[in-house]
Amino acid sequence: MRQIVLDTETTGLDPRSGHRIIEVACIEMENRRLTGRHLHKYTNPEREIDAGAQAVHGISLEFLADKPKFADIVDEFLEFINGAELIIHNAPFDIGFLNAELRRLDRVPVETVCNGVIDTLRMAKELHPGKRNSLDALCERYEIDNSSRTLHGALLDTELLADVFLAMTRGQNSLMIEPDSAPRPQLGADGVVRQRKPLHVRRAAPDEIAEHERVLQVIDKESKGACIWLPKTEAAA
């Protein structure tokens with residue numbers, strides 16, 4: 001299973017007001033393990049950055065002046081996420097901005113390229129109702145070191161989110177069945193492997209079988225023929 005943990009930074013809060021993406025980061029996981037592959041790009045938004053947004057991520061327009069436009073990185077971005085399941089914290093925000101950028105370029109929406117989207121904010125709210133579920137709060141809850149996160153940054157946030165997601169879904173590992181794996185040995189209290197004794201099967205005696213049949217007939221009579229343990233041919237009329 002290929003998954004991409006994704007995050008963006010933007011010039012503001014609303015793509016409908018013309019705000020743009022200025023940073024996008026993606027890191028790859030295969031079968032719940034980081035592969036080391038990632039995509040990280042800064043982009044020139046060709047517009048001003050809101051003061052409030054800059055206070056959050058610390059990225060200035062001067063820093064972005066010589067960076068490529070989103071149109072210059074779109075093919076590489078779409079190729080990287082193609083066919084993967086996306087993992088995003090507050091997915092509607094990032095997906096909204098990505099799709100706005102793609103519409104400007106007459107490209108298809110993100111959802112038609114990837115293989116589904118997991119919103120970890122929604123997941124966290126279901127797991128921890130009534131509690132703070134920001135990325136920082138989840139790092140604290142799952143004891144993930146985020147001491148280097150003084151400002152929001154897409155690449156660092158994806159790395160932290162990958163750890164948070166794996167922690168939130170840790171129980172899924174037990175659901176992954178390995179059909180060819182050998183059964184675990186049985187250990188005694190002293191840690192020595194014990195051989196399981198052959199199971200002794202004790203057959204019912206004739207009188208026990210007769211008593212069992214008698215009880216079933218009583219149940220069938222009291223339930224007016226609804227006894228489910230009797231074959232239909234034997235059930236009372």
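Our structure is the block above this text.
Just so it is clear, the structure is predicted and the values come from calculations on it, not from any experiment. All residue numbers here refer to positions counted from 1 along the written sequence of the relevant chain. Restriction of local features to residues with pLDDT of at least 70 applies here, the model being predicted, together with a cutoff of 80 or more for giving and counting side-chain atom pairs; totals for whole chains, interfaces and linings are based on all residues. Water and hydrogen atoms were dropped before computing side-chain values, which therefore reflect all heavy atoms in the structure.

**Notes on the overall build of the chain**
Going by this rule: Note on conventions: DSSP H or I runs of at least 4 residues are helices, E runs of at least 2 residues are strands, and numbering of each starts at the N terminus. Exposure classes here rest on a 1.4 Å probe applied to the protein chains alone. A residue is buried below 20% of its type maximum, exposed above 50%, and partly exposed in between. Contact criterion: two residues are considered in contact whenever any of their non-hydrogen atoms come within 4.5 Å of each other. In this description, accessible areas are obtained by the Shrake-Rupley approach with a 1.4 Å probe, and a residue is regarded as covered only by the protein chains that are shown.
Secondary structure summary: the chain contains eight helices and seven strands in total. Within the chain, the proportion of its 237 residues that are buried is 37%. Residue pairs in contact within the chain that sit at least 24 positions apart in sequence constitute 63% of those at least 6 positions apart. Accessible surface computed for the chain: about 15200 Å², of which carbon and sulfur atoms make up 53%.

**Notes on the pairing of strand β4 (residues 85-88)**
Selection criterion: Note on pairing: two strands pair once DSSP finds at least 2 bridges between them. With the strands aimed away from the viewer, a crossover counts as right-handed if its path from the first strand over the helix to the second runs clockwise.
Neither face of β4 is exposed, since E85 and I87 on one face and L86 and I88 on the opposite face are all buried. Strand direction decides the pairing type here: strand β1 (residues 2-10) and β4, joined by three bridges, are parallel. Counted as the bridge partner of V5 is I87 from β4. Bridge analysis of β4 against strand β5 (residues 117-119) gives three bridges, and the strand direction is parallel. For I88, the partnering residue across the bridge sits in β5 and is D119. For the segment spanning β4, helix α4 (residues 91-104) and β5, crossover handedness is right-handed.

**Brief notes about the environment of D14**
Let me state the cut-off plainly: Polar contacts here mean pairs of N or O atoms no more than 3.5 Å apart (in protein, one a potential hydrogen donor and the other a potential acceptor; neighbouring residues in sequence count only if both atoms are side-chain atoms).
Residue position: D14 is located in the loop between β1 and β2 (21-30). Remark: the alpha-carbon pair of D14 and F97, spanning 83 residues in sequence, is separated by 7.8 Å. Within the structure, D14 has its side chain in polar contact with the backbone nitrogen of R16 (distance 2.9 Å).

**Some details on the packing of aromatic side chains**
This is how it is decided: Each pair of aromatic rings taken from Phe, Tyr and Trp, with Trp reduced to its six-membered ring, is defined by centres within 6.5 Å and is described as stacked if the planes are under 30 degrees apart, edge-to-face if over 60, and tilted in the remaining cases. Only when the NZ of Lys or the CZ of Arg is both within 6 Å of the ring centre and within 35 degrees of the ring normal is a charge said to sit over the ring.
Counted according to the given criterion, the structure contains three aromatic pairs. Taken together, a centroid distance of 5.0 Å and an interplanar angle of 50 degrees make the contact between F93 and F97 tilted. Of this pair, F93 and F97 both sit in helix α4, four residues apart, which is roughly one turn of that helix. Owing to a relative accessible area of 25%, F93 belongs among the partly exposed residues under this scheme. The positively charged end of R2 is found above the aromatic ring belonging to F80, 5.7 Å away from the centroid. Residue placement shows K67 over the ring face of F63; its charged tip is 4.0 Å from the ring centre.

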